[in-house]
Amino acid sequence: MITATINDEGAQLYVVMKGAPGTVGKVEDSYKPHHVAIRCSQRARPLVRKFLTELHKKGYWQELTKLKTTRAVHIRLSDVRTVLEEVKDLKELQ
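**Student:** Describe the overall build of the chain, with residues and values.
**Tutor:** The helix and strand tally for the chain stands at three helices and six strands. Reading the helices (α) and strands (β) of the chain from amino to carboxyl end gives β-β-β-β-β-α-α-β-α. In the chain, buried positions account for 36% of the 94 residues. For the chain, contacts bridging at least 24 residues in sequence account for 64% of all contacts bridging at least 6. When the accessible surface of the chain is totalled, it reaches about 5900 Å², and 52% of it is carbon and sulfur.

This is the structure we're talking about:
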């Protein structure tokens, strides 16, 4: 099971939610209150990390934020949850 929440210090991965366009969507291991917390099994963690990292590298999160007019941008929790629905369907996790 893969879940995304806010303000969860015990999660396995964190996605940067606010910041500069190049950092939003980046996957990190350390907790910060303004990151989206991802909980998943130890078995799923490498695949989830790889999937989210690839999205960041390909500019997926920047596309979601490109209409913003300020230097600081953000993604929503619902954006991350939508993306995680795709990961949940991968056969490697079952």
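**Student:** Provide a residue-level description of helix H1 (residues 45–57), including the pertinent values.
**Tutor:** Taking 1.5 Å as the rise per residue, H1 with 13 residues should run 18 Å; its terminal C-alpha atoms sit 18 Å apart, in good agreement. For H1, every residue scored as buried is listed here: Val48, Leu52 and Leu55. The buried side chains of H1 occupy one side of the element, clustering within an arc of 55 degrees when seen end-on. In H1, the exposed residues that point more than 90 degrees away from the buried face are Pro46, Lys50 and Lys57. Two residues or fewer past H1, Gly59 is found with a positive phi of approximately 85 degrees.

**Student:** I'd like a description of the pairing of strand E2 (residues 13–16), backed by residues and values.
**Tutor:** The two faces of a sheet get side chains in turn, since along a regular strand they alternate between them. Here E2 shows no split at all, with Leu13 and Val15 on one side and Tyr14 and Val16 on the other all buried. Across four bridges, the pairing between E2 and strand E5 (residues 35–39) is antiparallel. Bridge pairing links Tyr14 to Ala37 in E5. Pairing analysis gives two bridges linking E2 to strand E4 (residues 27–28), with the strands arranged antiparallel. Within E4, the residue paired with Val15 across the bridge is Val27.

**Student:** Please set out the pattern of salt bridges residue by residue, giving values where relevant.
**Tutor:** As enumerated under the stated definition, the model contains four salt bridges in all. Arg45 is the salt-bridge partner of Asp29, the closest N and O atoms lying 2.9 Å from each other. Of the two residues, Asp29 is situated in the loop between E4 and E5 and Arg45 in helix H1; the sequence distance between them amounts to 16 residues. Residue classification places Asp29 among the partly exposed residues on the basis of a relative accessible area of 48%.

**Student:** Account for the packing of aromatic side chains, naming residues and giving values.
**Tutor:** Two aromatic rings, taken as a pair, are described by how far apart their centres are and by the angle between their planes. One pass over the structure, following the stated rule, counts two aromatic pairs. Pairing Tyr14 with Tyr31 gives two aromatic rings, centres 5.9 Å apart and planes at 70 degrees, and the pair type is edge-to-face. One end of the pair, Tyr14, is in strand E2; the other, Tyr31, is in the loop between E4 and E5, and 17 residues separate them in sequence. With a relative accessible area of 2%, Tyr14 lands in the buried category. Between Tyr60 and Trp61 the ring centres are 5.0 Å apart and the planes differ by 80 degrees, which places this aromatic pair in the edge-to-face class. Looking at Trp61, the relative accessible area reads 1%, which means it is buried.

Procedures and definitions
- Residues numbered from 1 in each chain as written.
- Predicted model: local features only at pLDDT ≥ 70, side-chain atom pairs only at ≥ 80, totals over all residues.
- Heavy atoms only, no water.
- Helix = DSSP H or I, 4+ residues; strand = E, 2+ residues; numbered from the N terminus.
- Buried < 20%, exposed > 50% of the residue type's maximum accessible area, 1.4 Å probe, protein only.
- Contact = heavy atoms within 4.5 Å.
- Areas by Shrake-Rupley, 256 points an atom, 1.4 Å probe, with all protein chains shown as cover.
- Expected span 1.5 Å × (residues − 1).
- Arc of directions from axis to C-beta.
- Pairing = 2+ DSSP bridges.
- Salt bridge = Lys/Arg side-chain N within 4 Å of Asp/Glu carboxyl O.
- Phe/Tyr/Trp six-rings, centres within 6.5 Å; stacked < 30°, edge-to-face > 60°.

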